[in-house]
Amino acid sequence: MTPSPARERILDTAFRLFYARGIRAVGVDLIIAESGVAKATFYKHFPAKDELVLAYLEKVDGIWTGQLRAAAEAAGPNPADQLVGLFDALGTACRRDGYRGCAFINAAAEAAPGTPVHERTIAHKRAVLAWLRDLTARTGADDPDSLARSLALLLDGGLADGALAADPEAPRAAKQAARALIAGALTRAA
């Protein structure tokens, strides 16, 4: 079923505001005002703010996961090259105007542990780690679990550094570190 235009307007507005200002800082009334919908329309689509936050995180997940996978695929069919190539998505994200770091890390910092929002952030990070684990296993690395975890930490660190330092060299440094980690894991496996 095609989402209603009003729902999409609400979600697009929340996407922009939540990412720019933070989830807690943005109230439902602001989203209603900026999306141009009636209060009843808002609550018809999102009976609670947390439902809107979850929809926002779902949208972010689709975008970010798509960017990671596209960058990996652009590096070619070799899994080791894909693991290095996925760091190109980091460079693209960090150079974007208004970049404020990883939306999932930001949301996790604002959500209480055990809540659906916090659990959604964990699910996203686990899914990325599982994908990395699949790629590292296909490289023949000596310890694919450890390599996947190291690359996930490097990716998250690059996302955080992009927001903190805004240094355009950070994504390149993360990619170089990833290349070295992968090469070391493959050398030990040989």
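A brief look at the structure comes next. The model shown is predicted, which means the values in this text are computed figures rather than measured ones.

## A short note on the overall build of the protein chain
Secondary structure assignment for the protein chain yields ten helices and zero strands. When the helices and strands of the protein chain are read in sequence order from the N terminus, they spell out α-α-α-α-α-α-α-α-α-α. Taking the principal axes of the C-alpha coordinates as reference, the protein chain spans close to 65 × 35 × 30 Å. Going through the 190 residues of the protein chain one by one, you find that 42% of them count as buried. Taking the intrachain contacts of the protein chain between residues at least 6 apart in sequence as the baseline, contacts between residues at least 24 apart amount to 66%.

## Side note on the packing of helix α1 (residues 5-21) against helix α4 (residues 49-74)
Where α1 contacts α4, the axes come no closer than 9 Å and their chain directions differ by 80°. What the angle tells us is that α1 and α4 run roughly perpendicular. Contacts from Arg7, Ile10, Leu11, Asp12, Ala14, Phe15, Phe18 and Tyr19 in α1 reach Lys49, Leu52, Val53, Ala55, Tyr56, Lys59, Val60 and Ile63 in α4. Class assignment for the residues of the contact of α1 with α4 results in twelve nonpolar, no polar and four charged.

## Considerations on the side chain of His124
Mapping His124 onto the fold places it in helix α8 (residues 116-139). For His124, a relative accessible area of 1% corresponds to the buried category. Within the local environment of His124, its side chain forms a polar contact with the side chain of Asp61, the two groups lying 2.9 Å apart. Leave out the neighbours within four places in its chain, and His124 touches Asp61, Trp64, Thr65 and Phe104.

What counts and how
- Residue indices follow the written sequence of each chain, beginning from 1 at its first position.
- For this predicted model, a pLDDT threshold of at least 70 governs which residues receive local features, and a threshold of 80 or more governs which side-chain atom pairs are given and counted, while totals over whole chains, interfaces and linings are taken from all residues.
- With hydrogens and water set aside, each side-chain value is computed from the structure's full complement of heavy atoms.
- Secondary structure elements follow DSSP: runs of H or I of four or more residues count as helices, runs of E of two or more count as strands, with numbering from the N terminus.
- Type-normalised accessible area, obtained with a 1.4 Å probe on protein chains alone, sets the label of each residue: buried when under 20%, exposed when over 50%, and partly exposed for intermediate values.
- We call two residues in contact whenever any of their non-hydrogen atoms come within 4.5 Å of each other.
- Note on method: axes are straight lines fitted to C-alpha atoms, helices fitted across the in-contact stretch only, with angles between N-to-C directions ranging 0 to 180 degrees.
- Between 65 and 115 degrees an angle is taken as roughly perpendicular, under 35 as roughly parallel, over 145 as roughly antiparallel, and anywhere else as oblique.
- For this classification, Asp, Glu, Lys and Arg are treated as charged, while Ala, Val, Leu, Ile, Met, Phe, Trp, Tyr, Cys and Pro are nonpolar and the rest, including Gly, are polar.
- Whenever two N or O atoms come within 3.5 Å, that pair is a polar contact, provided that in protein one can donate a hydrogen and the other can accept it, and provided that, for residues adjacent in sequence, both atoms are side-chain atoms.

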